[in-house]
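Report on the structure
One-letter residues, chain by chain:
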Amino acid sequence: MKANGVYTRSIWRCAASPSEASEAASRAVAIIDQTLLPHGWRTLTLKTLEDAAQAIRTMQVRGAPLIGATAAYGVALALQESDGGDAVLLEALAVLNATRPTAVNLAWALARMRTALLPLPASARVEAAWREADAIADEDVAQNRAIGEHGLELLRGLIAARSSTLRLMTHCNAGWLATVDRGTALAPVYAAFDAGIDVHVLVSETRPRNQGLLTAWELAQQGIPHELIADNAAGFLLARGEVDAVIVGADRIAANGDVANKIGTFMKALAAKAAGIPFYVAAPRSTFDFSCPGGAAIPIEERAGDELRLIAGTSENPENPIAQLRLCPPQTPARNPAFDITPADCVTALICERGVAPASHAGIARLYPEFAHAFPPSSRANPR
């Protein structure tokens, strides 16, 4: 997708130093520092395991698919600065796995790297690690494009009986910034826009990290009409009939169709259900946790209270153009769960790279029959 008029991914291979320009020297990874967006633009070079872990931990990269891809590259970075032995590989997997607990794409990518690398001799692991990480990144782009195509068919159904603008609502950021490219929840939006459909997106701000601002930024980069709304305005606009569908991403989808996503998703799902508005969840294969019976078993990350007490913005000071503002006294007690669980019965449908299905054991098994044997028996309680 476009960033500042240039087509780019959210993560890409690069040289470790400016003097290394050949493809063979592309043994580092570049990312967009998303903690500065939308107020500033900076790319960072990840050269070590700790660089990758820190980028995930501090949300310089965020979004479940992008976290998974970054972790895969982190394993490659760890191996290339060592002898590639078992101890180094297992330590890298452990360090990266501990960075964020909720997004299952992280554990999925690390398990895939382990499976691909552990049987190999140490001397073959570095090259294999880079190939596997590249494959994970490329597959994410292809899967997101397919999600966009399947989601576009749903959107065409919504506009079949109308000639006015298609009005969509999002939560958090599930666009190309949260993936390697194209996005999950925004992939159908981009596909619709590219198909000439008149779309307008209501972008929920998503406190406390305000990732909705990232959605607004990337929609503006692509020239797609949108408006930023306060989180608490969503129910009112849904009830007034000003939204045709809600599309969100996910950080983990349980085998019964329950969805973990950024805090505030559940409230939008409830409001959409009350208003009779479709509520879609878009995610690739790596976001499905086939061994998880339901939402109650998903670990919910609790982050620091200062994410609630402080807010980032721009200032008039040229020496410090991006500043943090304190919203309340530092001693104010704060609770900051980063995710919530939307029950399957609040989800109209799941959109993945293989198609569209109900949010249920049966629906997911139809999409991924090769994994149905791994579904816990308790996940079968939702029969849709």
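Residues numbered from 1 in each chain as written. Predicted model: local features only at pLDDT ≥ 70, side-chain atom pairs only at ≥ 80, totals over all residues. Heavy atoms only, no water.

Bringing the sheet that holds strand 3 (residues 11–14) into the picture now. One open sheet accounts for 3 strands, arranged 3-4-5; its pairing is antiparallel. The open sheet terminates on both sides in strands that have one partner only, identified here as strand 3 and strand 5 (43–46). Strand-to-strand twist of the sheet, defined as the mean angle between neighbouring strand axes without regard to direction, takes the value 30°. Pairing between strand 4 (residues 28–32) and strand 5: 4 bridges, direction antiparallel. When the sheet's bridge partners are listed, Ile32 is paired in strand 5 with Thr43. Sitting on the sheet, helix 2 (residues 64–80) touches strand 3, strand 4 and strand 5, and the angle it makes with strand 3 is about 20°. (Pairing = 2+ DSSP bridges. Helix = DSSP H or I, 4+ residues; strand = E, 2+ residues; numbered from the N terminus. Axes fitted to C-alpha atoms, helices over the stretch in contact; angles between N-to-C directions. Contact = heavy atoms within 4.5 Å.)

A few words on the pairing of strand 17 (residues 349–352). Every second residue of strand 17 is oriented toward a common face, with Ala349 and Ile351 on one face and Leu350 and Cys352 on the other, all of them buried. In this sheet, strand 17 lies alongside strand 12 (residues 279–282) in parallel orientation, the contact comprising 3 bridges. Along strand 17, the bridge assignment pairs Val281 with Leu350. Where strand 17 lies against strand 18 (residues 355–357), 3 bridges are found, and the strand directions are antiparallel. Counted as the bridge partner of Cys352 is Gly355 from strand 18. What sits between strand 17 and strand 18 in their antiparallel hairpin is a turn of 2 residues. (Buried < 20%, exposed > 50% of the residue type's maximum accessible area, 1.4 Å probe, protein only.)

Any pair of aromatic rings gets described here by the distance separating the centres and the angle formed by the planes. Per the counting criterion, the structure on display carries 7 aromatic pairs. Pairing Phe288 with Phe290 gives two aromatic rings, centres 6.1 Å apart and planes at 15°, and the pair type is stacked. Accessibility classification places Phe288 together with Phe290 in one group, the buried group. You can call Phe290 buried: its relative accessible area is 6%. Among the aromatic residues, those joined into a cluster by ring pairs are Phe288, Phe290, Tyr368, Phe371 and Phe375. The ring of Phe339 has Lys262 lying over it, and the distance from NZ or CZ to the ring centre is 4.5 Å. (Phe/Tyr/Trp six-rings, centres within 6.5 Å; stacked < 30°, edge-to-face > 60°. Lys NZ or Arg CZ within 6 Å of the ring centre and 35° of its normal.)

Tallied over the entire structure, the rule returns 2 cavities of 30 Å³ or more. Lining the largest cavity are 25 residues, with Arg62, Gly63, Ala64, Asn173 and Asp251 sitting closest to its centre. Breaking the lining of the largest cavity down by element, the ones donating at least two residues are helix 2 and strand 11 (259–262). Per-element accounting of the lining of the largest cavity gives the leading share, 3 residues, to helix 2. Its volume calculated, the second largest cavity comes out at about 70 Å³. What lines the second largest cavity is Pro65, Gly68, Ala69, Asn105, Trp108, Ile136, Glu139, Asp140, Gln143 and Ser286. Per-element accounting of the lining of the second largest cavity gives the leading share, 4 residues, to helix 5 (residues 122–159). (1 Å grid on protein atoms, 1.4 Å probe; cavity = no way out; pocket = protein on both sides within 12 Å on 5 of 7 lines; lining within 4 Å. Points joined across faces, edges and corners; volume = space filled by probe spheres on them.)

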